[in-house]
Amino acid sequence: MTTRRLVLWDIDLTLVDLRGLGGDWYAEALAAVADVTLRKVPSFPGRTERAITLEILRGHGLEPSEETIRRLWRELVAISTRALPTLARRGHALPGTAAALTALAGREEVVQSLVTGNLPEIARHKLSAFDLDEHIDFAIGGYGSLSAHRPDLVTHAAELATAKHGTTFTSDAVVIVGDTPHDVAAAREHGALAVGVATGRHTEEELRASGADVVFRDLSDTAAVVAALTG
């Protein structure tokens, strides 16, 4: 019997390159919600929206109450919605992403979703802007609104997938694909297969050193990517 696999993709600098967007959107949202100018831009890669939001609010002297967090997120989603028609002009899909998603969609034993620092709505916008949303089950993703601790997102996604598909996705049946050591650490903590993609700010060597089981320069070798992700 073939073991079912849950493949959980990161988005930014793994599937798409939209560098600089997060800082711009937070600057606009912070001004709208709190009439504050963004002065300190945190590190975004590999971190969750909750972690980033908490750092921004505290760094600008604002109380990070749940109400303020949610107001800021609603504004971010509104900004993303307005930007969606022109989002593809701001960045590009990374090499091999469409082919890899399509190839895995042809495998009955594979379920594809996300573990991403993005809010759910923004995750969908970023992928749909480049026609990469067709094969992703957004309903079972782990999103950055859930926790500041990225491994929590993996556990959440696996639990949702198990409930939806009636198959227990044990740790050895889960694959995390991402471009940062944060992605790798989340996979390792969950006991999942960690696949690094050196399309972001970290080199292949850095991803291997962080504990990735498999590392690719990018996703352009579809056969190799599928083989690694399906075991």
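Please refer to the structure placed before this passage.
Everything numeric in this text was worked out from a predicted model, so none of it was measured. (Residues numbered from 1 in each chain as written. Predicted model: local features only at pLDDT ≥ 70, side-chain atom pairs only at ≥ 80, totals over all residues. Heavy atoms only, no water.)

A. Representation of the overall build of the protein chain in the model. Across its full length, the protein chain holds 9 helices and 7 strands. For 231 residues, the compact-globule estimate of 2.2 N^0.38 gives 17 Å, and the C-alpha radius of gyration of the protein chain, at 17 Å, lies within 12% of that figure. Across its three principal directions, the C-alpha atoms of the protein chain cover 55 × 35 × 35 Å. The buried share among the 231 residues of the protein chain stands at 51%. Taking as baseline every contact in the protein chain between residues at least 6 positions apart, the subset at least 24 positions apart corresponds to 66%. Here the protein chain displays about 10,000 Å² of accessible surface, and carbon together with sulfur accounts for 49% of that area. (Helix = DSSP H or I, 4+ residues; strand = E, 2+ residues; numbered from the N terminus. Rg over C-alpha atoms; globule rule 2.2 N^0.38 Å. Buried < 20%, exposed > 50% of the residue type's maximum accessible area, 1.4 Å probe, protein only. Contact = heavy atoms within 4.5 Å. Areas by Shrake-Rupley, 256 points an atom, 1.4 Å probe, with all protein chains shown as cover.)

B. View of the packing of aromatic side chains. Counted by the stated rule, this structure contains 1 aromatic pair. Between Arg-124 and the ring centre of Phe-138, over which it is positioned, the NZ or CZ distance is 4.0 Å. (Phe/Tyr/Trp six-rings, centres within 6.5 Å; stacked < 30°, edge-to-face > 60°. Lys NZ or Arg CZ within 6 Å of the ring centre and 35° of its normal.)

C. Geometry of the environment of Asp-12. Residue placement: Asp-12 occurs in the loop between β1 (5–9) and β2 (16–17). Here the alpha-carbon distance between Asp-12 and Ala-123, two residues 111 residues apart in the chain, equals 9.2 Å. Ignoring any residue separated from it by four or fewer positions in sequence, one finds Asp-12 in contact with Asn-118, Lys-126 and Asp-179. Of the polar contacts made by the side chain of Asp-12, one reaches the side chain of Lys-126; its length is 3.0 Å. (Polar contact = N/O pair within 3.5 Å; in protein donor to acceptor, adjacent residues only side chain to side chain.)

D. Spotlight on the pattern of salt bridges. Evaluated as defined, the whole model comprises 15 salt bridges. A salt bridge links Asp-137 to Lys-164; the nearest nitrogen and oxygen atoms lie 2.8 Å apart. Placement of the pair is Asp-137 in the loop between α5 (120–128) and α6 (150–165) and Lys-164 in helix α6, with a sequence separation of 27 residues. By relative accessible area, which is 17% here, Asp-137 ends up buried. (Salt bridge = Lys/Arg side-chain N within 4 Å of Asp/Glu carboxyl O.)

E. Structural context of helix α1 (residues 21–34). Its 14 residues give α1 an end-to-end C-alpha distance of 20 Å, which sits within 8% of 20 Å, the value for a rise of 1.5 Å per residue. Turning to α1, its buried residues are Leu-21, Gly-23, Trp-25, Tyr-26, Ala-29, Leu-30 and Val-33. Of the residues trailing α1, Asp-35 is marked for its positive phi of about 55 degrees. (Expected span 1.5 Å × (residues − 1).)

F. Local environment of the pairing of β1. Extensive coverage of β1 is indicated by the burial of 5 of its 5 residues. Bridge analysis of β1 against strand β4 (residues 110–114) gives 5 bridges, and the strand direction is parallel. The partner of Leu-6 across the bridge, within β4, is Val-111. Two elements, β1 and strand β5 (residues 174–178), share 4 bridges in a ladder whose sense is parallel. Bridge pairing in β5 places Trp-9 opposite Val-177. (Pairing = 2+ DSSP bridges.)

G. Representation of the pairing of β5 in the model. Here β5 lies mainly inside the structure; 5 of its 5 residues are buried. Neither face of β5 is left uncovered, since the one carrying Val-174, Ile-176 and Gly-178 and the one carrying Val-175 and Val-177 both have all their residues buried. With 4 bridges connecting them, β5 and strand β6 (residues 193–197) associate as parallel partners. The residue bridging Gly-178 from the neighbouring strand is Gly-196, located in β6. In this fold, β5 hands off to helix α7 (residues 181–190), which returns the chain to β6; that crossover is right-handed. (Right-handed = clockwise from strand over helix to strand, strands pointing away.)

H. Broad picture of the side chain of Thr-116. Mapping Thr-116 onto the fold places it in the loop between β4 and α5. Using a relative accessible area of 0% as the deciding quantity, one classes Thr-116 as buried. A polar contact of 2.8 Å, which involves the side chain of Thr-116, links it to the side chain of Asn-118. Not counting residues within four places of it along the chain, the set of residues in contact with Thr-116 comprises Trp-9, Asp-10, Ile-11, Ala-123, Gly-142, Tyr-143, Gly-144, Arg-150 and Leu-153.

Structural measurements only, silent on function.
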